[in-house]
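Geometric and topological summary
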Amino acid sequence: MVKVLFVCLGNICRSPTAHGLFQAYVNNAGLSEDIVVDSAGTGAWHVGESPDKRAQSIALNKGYDISHLSGRQVERDDFLRFDYILAMDTQNLHDLSNIKPAQSKSTLGLFLAFANKDTAGKSIAGRVLDVPDPFYGGAEHFEKAIQLIETGAKNLLARIREEHDI
Ligand code: 4NP
């Protein structure tokens, strides 16, 4: 069983989008018994909330329903349970590094550092491997975020399948 946790700041825009899309790809590949998917935020402002309406609607436009997801904050136990803890941006990664317990065996890194390249080696992002925070932006910021996440989540699944032979 491979366990993957996506983390952003609020757990209402980027990480639930990654959670919902990656879960859809896992399900479509018939791997829901092999890969566990979850998401969380470094902040606690939106605990218990549904994803941001703008994130929900842009995901639904592309055929992904993320309305059932609920915000939660990263907790110590996550570092002991998850194999991959993937941060949406550099600040999230920095914040996670600061609270990662010494005994954690989780692989902690930037989502796009794991998911930037497809199996042919083609990159989806440049030198900056952040999924920019769309929260204070407009529709185009949510569009940019879901584009990176959609391709990134497909690349990530291919990489995990290869690494774990599943
Ligand atoms: P997310 O976006 O980290 O992609 O969920 C944000 C959501 C909420 C806030 C910031 C970013 N906030 O400041 O409340």
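Each remark here, short or long, concerns the structure printed above.
A few points on the structure. (Residues numbered from 1 in each chain as written. Predicted model: local features only at pLDDT ≥ 70, side-chain atom pairs only at ≥ 80, totals over all residues. Heavy atoms only, no water.)

If you tally the helices and strands in the chain, you get six helices and four strands. For the chain, the α and β elements follow one another from N to C terminus as β-α-β-α-α-β-α-β-α-α. Computed over C-alpha atoms, the radius of gyration of the chain comes to 15 Å, within 12% of the 15 Å expected from 2.2 N^0.38 for 166 residues, which places it in the range of a compact globule. The principal-axis extent of the C-alpha atoms belonging to the chain is close to 40 × 35 × 35 Å. A burial count over the chain gives 48% of its 166 residues as buried. In the chain, of all internal contacts separated by at least 6 residues, the share reaching a separation of at least 24 is 69%. If you sum the accessible surface of the chain, you get close to 8200 Å²; carbon and sulfur atoms cover 49% of it. Separation of charge centres in the chain, based on 17 positive and 21 negative side chains, amounts to 3 Å. (Helix = DSSP H or I, 4+ residues; strand = E, 2+ residues; numbered from the N terminus. Rg over C-alpha atoms; globule rule 2.2 N^0.38 Å. Buried < 20%, exposed > 50% of the residue type's maximum accessible area, 1.4 Å probe, protein only. Contact = heavy atoms within 4.5 Å. Areas by Shrake-Rupley, 256 points an atom, 1.4 Å probe, with all protein chains shown as cover. Lys, Arg positive; Asp, Glu negative; His and termini not counted. Charge placed at Lys NZ, Arg CZ, Asp CG, Glu CD.)

If the charged atoms of two oppositely charged side chains come close together, the side chains can form a pair. For the coordinates displayed, the defined rule picks out ten salt bridges. Measuring nitrogen to oxygen at the nearest pair gives 3.8 Å for the salt bridge that ties R81 to D78. With R81 and D78 both in helix α3 (residues 78-81) and three residues apart, this pair spans about one turn of that helix. Residue class for R81 comes out partly exposed when judged on its relative accessible area of 37%. (Salt bridge = Lys/Arg side-chain N within 4 Å of Asp/Glu carboxyl O.)

Turning next to the site of the ligand. Surrounding the ligand, one finds C8, L9, G10, N11, I12, C13, R14, H46, D133, F135 and Y136. Between the ligand and C13 there is a distance of 2.9 Å, counted from an oxygen atom to a backbone nitrogen or oxygen. At a separation of 2.8 Å, an oxygen atom of the ligand approaches a polar side-chain atom of R14. Notes on the ligand: free accessible area 350 Å², of which the protein chains cover 93%. Here the residues of the shell around the ligand sort into six nonpolar, three polar and two charged. (Near = heavy atom within 4 Å. Polar contact = N/O pair within 3.5 Å; in protein donor to acceptor, adjacent residues only side chain to side chain. Nonpolar A, V, L, I, M, F, W, Y, C, P; charged D, E, K, R; others polar.)

All right, on to the packing of helix α1 (residues 14-28) against helix α6 (residues 139-164) then. Orientation of α1 relative to α6, taken along the N-to-C sense of each, is 45 degrees, at an axis distance of 9 Å. Classed by the angle they form, the pair α1 and α6 counts as oblique. In this structure, α1 crosses over α6, and the sense of that crossing is right-handed. Only I146, I149, E150, A153, K154, L156, L157 and I160 of α6 make contact with α1, whose side of the interface consists of R14, T17, A18, L21, F22, Y25 and V26. For the contact of α1 with α6, the residue count by class is eleven nonpolar, one polar and three charged. (Axes fitted to C-alpha atoms, helices over the stretch in contact; angles between N-to-C directions. Parallel < 35°, antiparallel > 145°, perpendicular 65-115°, else oblique. Left-handed = near helix turned anticlockwise from the far one by under 90°.)

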